[in-house]
Amino acid sequence: MKKPLKDIARGASRREVLVVGATLAGSSLLVGCSLPDMLSAGSKVKPGAFGPFLKFSPDGVVTVISKHIEFGQGNHAGLAAIAAEELDADWTKVKVEQAPANAKLYGNVNMGGTQGTGGSSAINNSWTQLRTAGAGARAMFVSAAAAKWGVPASEITVSNGVIAHASGKQAGFGELVAGAAKVAPPATPTLKSPASFSLIGTDRVRRKDSQAKSEGSARYTQDVRLPDMLIAVVAHPPRFGGTVGSFDAAAAKKVPGVVDVFEIDTGVAVVAQSTHAAIKGREALKVTWDESKAEKRGSAQILAEFKDLASGKTAAPEKNGWKGFDSKGDAASAAAGTNALEIAYDFPYLAHATMEPMNCVAIVGKGPPRLIFGSQTPTLDQLNTAKLTMSLPGAVEIETLFAGGSFGRRATFQSDYVVECVRIAKKVGKGRPVKLVWTREDDMRAGYYRPLVHHTVRVTTDAEGYPATWRQRIVTQSIMKGAPPGAPGGDGVDQTAVEGAMGSPYLKATPVVDAQLLTPDVGVPVLWWRSVGATHTAYVMEHTVEQLAKRAGKDPVEYRRALYQKAGAKRHLAVLDLAAEKAGWTTPAPAGWTRGVAVHESFGSVVAQIAEVKVENGQPKVGRVITAIDCGTAISPNQIAAQMEGGTCYGLSGAMFGEITLTDGQVDQGNFDTYRVLRNSEAPTVETYIVPSTAPPSGVGEPGTPVIGPAVANALFALDGQPRLSQPFVKV
Amino acid sequence: MAITLDVNGKSQNVNSPPDTPLLWVLRDELGLTGTKYGCGVAQCGACTVLADGAPVRSCQLPISAIGSSKITTIESLGGHHPVQEAWVKLDVPQCGYCQSGQIMSAVALLASNPKPDDEAITGAMDGNICRCGAYQRIREAIKDAAAAPAPAAAPAAPAA
């Protein structure tokens, strides 16, 4: 019996990773197979009478079940509103519940049906699914009412949660739920036309969790308390790739409250009865590390090596060499033309630094393995847990809680901290709950950074100053290389490294393009960081175009407009025009302030920002940021604005202050005293304007992040004529 | 040896060692999990509570140092304090993890300065990091709460 189970788990993981790997980054790869069936084998989760997404209770409360984790994006509000719109539910009686793990019922349509949140896809992939669920349930209630009242279904209306007939008969969902549950769901329910939406797009679509999150009652992994639960902390090797040589636990075990100390794959675990005891136990622990296979290069050396590769001073390796991602015309002419703008850009490693450091609760050894935590990719977490516990993936139960931010960090192929917790819980055994707690220092030093990136750009221009040839080289680590064998990125171009440069309207508008990527091996774990490739490509494209506009003697907005027209980039034009109008681009900036503009498309949405910037106490100060976004159908304008505000702060924090450095392979930063992040007095005031659209909704969580960096750099360039060729702008 | 603490108007005997930071006593021993761990070194403000009305970072406050100071945590505000009402009205939270600390800092600010200007607000709130970047709404909510009529009763009755 054991062997087939093992085969299922292994076979599934390869295929699953293919799909998730490609899609977390924003692209999509659909695989038509019975994968969701395979991945959910062993699951006890069953849909109710109204399907997997809706529940109705006799008191009239409508519960929308979210297959996506809420860690700030506001997706729970948007997902609920989609279903509530088609139901014509009373929004004040709509609640949101987090779905359990089950790939078959709750798979992400954009991730080939595996369950996960990422690539700003929650709303987009649920759009048709939740509309259909809402419309289907609505039809079931109408049928039930028609039968009960003896009137034709066509004469029944539903509005704001009230099902009514002209005869005066009316009822709420709660009163009719028993009858409606017995009605066969319609095969293809009729969806509303966008013109008749009464909830979607209004300011009534607001968060459902603000009260809980303002009174301290919202439950995070950090808050889980279970009878007999142990707290674990782990001493990790100081360098990536290091392992435990030997350890002396005698002093650690003497710390009151420490229960056990043992070695696991990723270090030495200290388990205790309280968090403080576990931390003190670890302080008393003596570990000798085996660093024979550890990465010992510092970040300065890694960058120097990247620069030599980009310039050709060092030849690229034969295996995994340069790969073209955009090529047209005569490449030789891109290298040859005279009077070129030649520039290079450097981007450091960045930590995600979520407010809640990574953590997990696992219960192993009694019944099916059970995880309680903020799971961003439940299917991967099930698979990785199943491998360690010899379970069917679907049998691994996951209760997903709110998470204190992710920005990409919680979605790793290896489920790194989850697996660490499961290993400890397995060793503890007997179904005793274990909560793994990472301190801030653990979180900041355990890797999975936005990779270090080096770009070189060489552009020649035509008689009017527009790009004639564009040569670009990107050297960075491959994020997709972290995926197990078979995943995309290992052999072809890692899309996560080039997205934003690839597909740029500026390249479309240029007759000759030669753009290539090189992804050398470095032993520092890297990962997607809110907006992924766009964190650097948006900056390079936008700051380069700004310099080209100046060389051409043209207004930056006018220069971009011309390029968008050449490229047929209508959505770019629309957001640029809207932002320029709202910012009063053609009128002088407020006294003392200088404006900078940037535009970028990511995750299906296009964002334009115009930032008002000045230099204060030697560092950039950003005041007002006018933001225009085209994100298709706007579900919740309030939360779209919230994501533009938050995304802007996240991007600005990285561009202004963010930098993880390594000295001889060891991470220099450990906490917020050395890894500086944006604080309230440094946070701009963002005004958000949404381009009206009836297209399906596209991403909102990430597209607000990558635009502010170049907008600020472009303002500074306008101010002093100096291009900003590396981040962060301010060194700690 | 048990230490006695005054938490949310209630006298509590706690058994944690005297060097234990108040944060872990609140969370692990007293079950008051609204106060969060974010950095452990008083850099992020997620663990902010009030000691005799003044904001303090509970991650750096050993229980042996508290004495008779009255500790107030997010749980004692009751959910409908004007600051909390403003937070909900403006949908300030995103991930929400830092918000207990933000709110306690804002409550302390408004108690000492009922009509703070922009500089006073950012001055009082700069110790509280929000990685989601809800800063703008935090500023707006503090102004909103400052404009609201004074609460009938000060943050009084402890939750339990």
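Each value, and the rule that gives it
Residues numbered from 1 in each chain as written. Chains lettered and ligands numbered in written order. Predicted model: local features only at pLDDT ≥ 70, side-chain atom pairs only at ≥ 80, totals over all residues. Helix = DSSP H or I, 4+ residues; strand = E, 2+ residues; numbered from the N terminus. Rg over C-alpha atoms; globule rule 2.2 N^0.38 Å. Buried ≥ 20, exposed ≤ 12 C-beta atoms within 10 Å, placed from the backbone. Contact = placed C-beta atoms within 7 Å. Pairing = 2+ DSSP bridges. Axes fitted to C-alpha atoms, helices over the stretch in contact; angles between N-to-C directions. Expected span 1.5 Å × (residues − 1). Nonpolar A, V, L, I, M, F, W, Y, C, P; charged D, E, K, R; others polar. pLDDT = per-residue confidence, 0-100. Core = buried A, V, L, I, M, F, W, Y, C linked by C-beta atoms within 7 Å. Parallel < 35°, antiparallel > 145°, perpendicular 65-115°, else oblique. Left-handed = near helix turned anticlockwise from the far one by under 90°.

**Quick look at the overall build of chain B**
Logical step 1: Tallying secondary structure elements over chain B gives five helices and five strands in all.
Logical step 2: For chain B, the succession of helices and strands along the chain, N to C, is β-β-α-β-β-β-α-α-α-α.
Logical step 3: For a compact globule of 160 residues, the expected C-alpha radius of gyration is about 15 Å, and chain B comes in at 15 Å, within 12% of that figure.
Logical step 4: By principal-axis analysis of the C-alpha atoms, chain B measures approximately 45 × 35 × 25 Å.
Logical step 5: Of all 160 residues assigned to chain B, the portion counted as buried reaches 59%.
Logical step 6: Here the contacts in chain B between residues at least 6 apart in sequence split such that 64% fall between residues at least 24 apart.

**Some remarks on the overall build of chain A**
Logical step 1: A count of helical and extended segments in chain A gives 21 helices and 26 strands.
Logical step 2: At 27 Å, chain A has a C-alpha radius of gyration in line with the 27 Å of a compact globule built from 732 residues.
Logical step 3: Each of the three principal axes of chain A carries a C-alpha extent, and together these read 80 × 75 × 50 Å.
Logical step 4: Taking all 732 residues of chain A together, 59% fall into the buried category.
Logical step 5: Summarising the internal contacts of chain A: among those between residues at least 6 apart in sequence, 78% fall at separations of at least 24.

**Quick notes on the sheet that holds strand E4 (residues 54-57) of chain B**
Residues and elements named next belong to chain B.
Logical step 1: On the basis of which strands lie adjacent, the open sheet formed by five strands has the order E2-E1-E5-E3-E4 and mixed pairing. Of all strands in the sheet, those bounded by a partner on one side alone are strand E2 (10-14) and E4. Mean inter-strand twist for the sheet, computed between neighbouring axes without regard to direction, equals 40 degrees.
Logical step 2: As defined by bridge partners, strand E3 (residues 48-51) adjoins strand E5 (residues 70-72) across two bridges and the pair is classed as antiparallel. Among the inter-strand pairings, Ala-51 is bridged to a residue of E5, identified as Ile-71.
Logical step 3: Sitting on the sheet, helix H3 (residues 99-112) is in contact with E3 and E4, with an inclination near 35 degrees to E3.

**Focus on the sheet that holds strand E13 (residues 341-347) of chain A**
The strands that make up a sheet are held in pairs by hydrogen bonds between backbone atoms, and each pair lies either parallel or antiparallel.
Residue and element names in this part refer to chain A.
Logical step 1: The strand order E12-E20-E19-E18-E13 describes an open sheet built from five strands, whose pairing is mixed. The sheet is open, and its two edges are formed by strand E12 (323-328) and E13, each paired on a single side. With direction set aside, neighbouring strand axes in the sheet form an average angle of 10 degrees.
Logical step 2: Bridge count between strand E19 (residues 467-476) and strand E20 (residues 512-518): seven bridges; the pairing is parallel. Bridge pairing in E20 places Gln-472 opposite Ala-515.
Logical step 3: Helix-sheet contacts for helix H17 (residues 534-552) involve E13, strand E18 (453-461) and E19, and the interaxial angle to E18 is about 30 degrees.

**Thoughts on helix H19 (residues 570-583) of chain A**
All names here are of chain A.
Logical step 1: With 14 residues, H19 should cover 20 Å at 1.5 Å per step; its first-to-last C-alpha distance of 20 Å lies within 8% of that length.
Logical step 2: Along H19, the residues classified as buried are Arg-571, His-572, Leu-573, Val-575, Leu-576, Ala-579, Ala-580 and Ala-583.
Logical step 3: Buried positions along H19 lie against helix H16 (505-508), helix H18 (556-567), strand E21 (594-602), strand E22 (605-616) and strand E23 (619-630).
Logical step 4: Phi for Gly-584, located one or two positions after H19, is positive at around 65 degrees.

**A few points about the pairing of E19 of chain A**
Residue and element names in this part refer to chain A.
Logical step 1: Of all ten residues making up E19, nine are buried, and the element is well covered by its neighbours.
Logical step 2: Inspection of the sheet shows E18 paired to E19 by nine bridges, in the antiparallel sense. Counterpart to Thr-460 in the pairing with E19 is Thr-469.
Logical step 3: Between E18 and the antiparallel strand that follows it, E19, lie five residues; Gly-465 among them carries a positive phi value of about 95 degrees.

**Points about the interface of chain B and chain A**
Logical step 1: Contact with chain B, which involves 47 residues of that partner, is made by 50 residues of chain A.
Logical step 2: Contributing elements (two or more residues each) for the side of chain B that touches chain A: helix H1 (22-29), helix H2 (82-89), H3, helix H4 (118-125) and helix H5 (135-147) of chain B.
Logical step 3: Across the side of chain B that touches chain A, the residue classes tally to 23 nonpolar, 17 polar and seven charged.

**Details of unusual backbone geometry**
Logical step 1: Put simply, Gln-727 of chain A and Pro-728 of chain A share a cis peptide bond, and its omega is 0 degrees.
Logical step 2: Within the secondary structure, Pro-728 of chain A sits in the segment after helix H21 (708-720).

**Examining the confidence of the model for chain B**
Residue and element names in this part refer to chain B.
Logical step 1: For chain B, mean pLDDT is 94; residues scoring 70 or higher make up 92% of the total.
Logical step 2: Within the model, pLDDT remains below 50 along residues 152-160, and this stretch shows 14 contacts once partners closer than five positions in the same chain are excluded.
Logical step 3: This prediction of the complex comes with two scores: 0.95 for pTM and 0.95 for ipTM.

**Description of the nonpolar core**
All names here are of chain A.
Logical step 1: Within the largest apolar cluster, 265 residues are counted, with the highest numbers of intra-cluster contacts made by Ala-232, Val-270, Val-271, Val-434 and Val-712.
Logical step 2: Here this core gets 13 residues from one element, more than from any other, and that element is helix H5 (residues 122-149).
Logical step 3: Those residues within four positions of Val-270 in sequence are excluded, and the remaining contacts are Ala-232, Val-233, Ala-252, Val-258, Val-261, Ala-278, Gly-281, Arg-282 and Leu-285.
Logical step 4: Within the second largest apolar cluster, five residues are counted, among which are Leu-35, Leu-39, Leu-105 and Tyr-106.

**Section: helix H20 (residues 637-656) of chain A**
Logical step 1: Compared with an ideal rise of 1.5 Å per residue, which puts 20 residues at 28 Å, H20 of chain A spans 28 Å between its outermost C-alpha atoms and is within 8% of the ideal.
Logical step 2: Summarising burial for H20 of chain A: 18 of the 20 residues are buried, a large majority.

**Description of the packing of H2 of chain B against H5 of chain B**
All names here are of chain B.
Logical step 1: H5 packs onto H2 with a crossing angle of 130 degrees between their chain directions and a minimal axis gap of 8 Å. The orientation of H2 relative to H5 falls into the category oblique. Handedness of the H2/H5 crossing: right-handed. Here Pro-82, Val-83, Ala-86, Trp-87 and Lys-89 of H2 lie close against H5, whose contacting residues are Ala-141, Asp-144 and Ala-145.

**Let's talk about the pairing of E22 of chain A**
All names here are of chain A.
Logical step 1: In terms of burial, E22 is a largely internal element, nine of the twelve residues being buried.
Logical step 2: Pairing between E21 and E22: nine bridges, direction antiparallel. Note on E22: the bridge partner recorded for Ser-602 is Ser-605.
Logical step 3: Hairpin connection between E21 and E22: a loop of two residues separates the two successive antiparallel strands, and Phe-603 in this loop has a positive phi of roughly 55 degrees.
Logical step 4: Two strands pair when backbone bridges link them, and E22 and E23 are joined in this way by ten bridges, in the antiparallel orientation. From the neighbouring strand, Gln-609 faces E23, where its bridge partner is Thr-627.
Logical step 5: With antiparallel pairing between neighbouring strands as the criterion, E22 and E23 make up a hairpin whose turn holds two residues, including Asn-617 at a positive phi of roughly 50 degrees.

**Some thoughts on the packing of H5 of chain A against helix H6 (residues 173-180) of chain A**
All names here are of chain A.
Logical step 1: Orientation of H5 relative to H6, taken along the N-to-C sense of each, is 85 degrees, at an axis distance of 9 Å. Classified by the interaxial angle, the pair formed by H5 and H6 is roughly perpendicular. From H5, Met-140, Phe-141, Ala-144, Ala-145, Ala-147 and Lys-148 reach across to H6, where they touch Phe-173, Leu-176, Gly-179 and Ala-180.
Logical step 2: Here the residues of the contact of H5 with H6 are counted per class, giving eight nonpolar, one polar and one charged.

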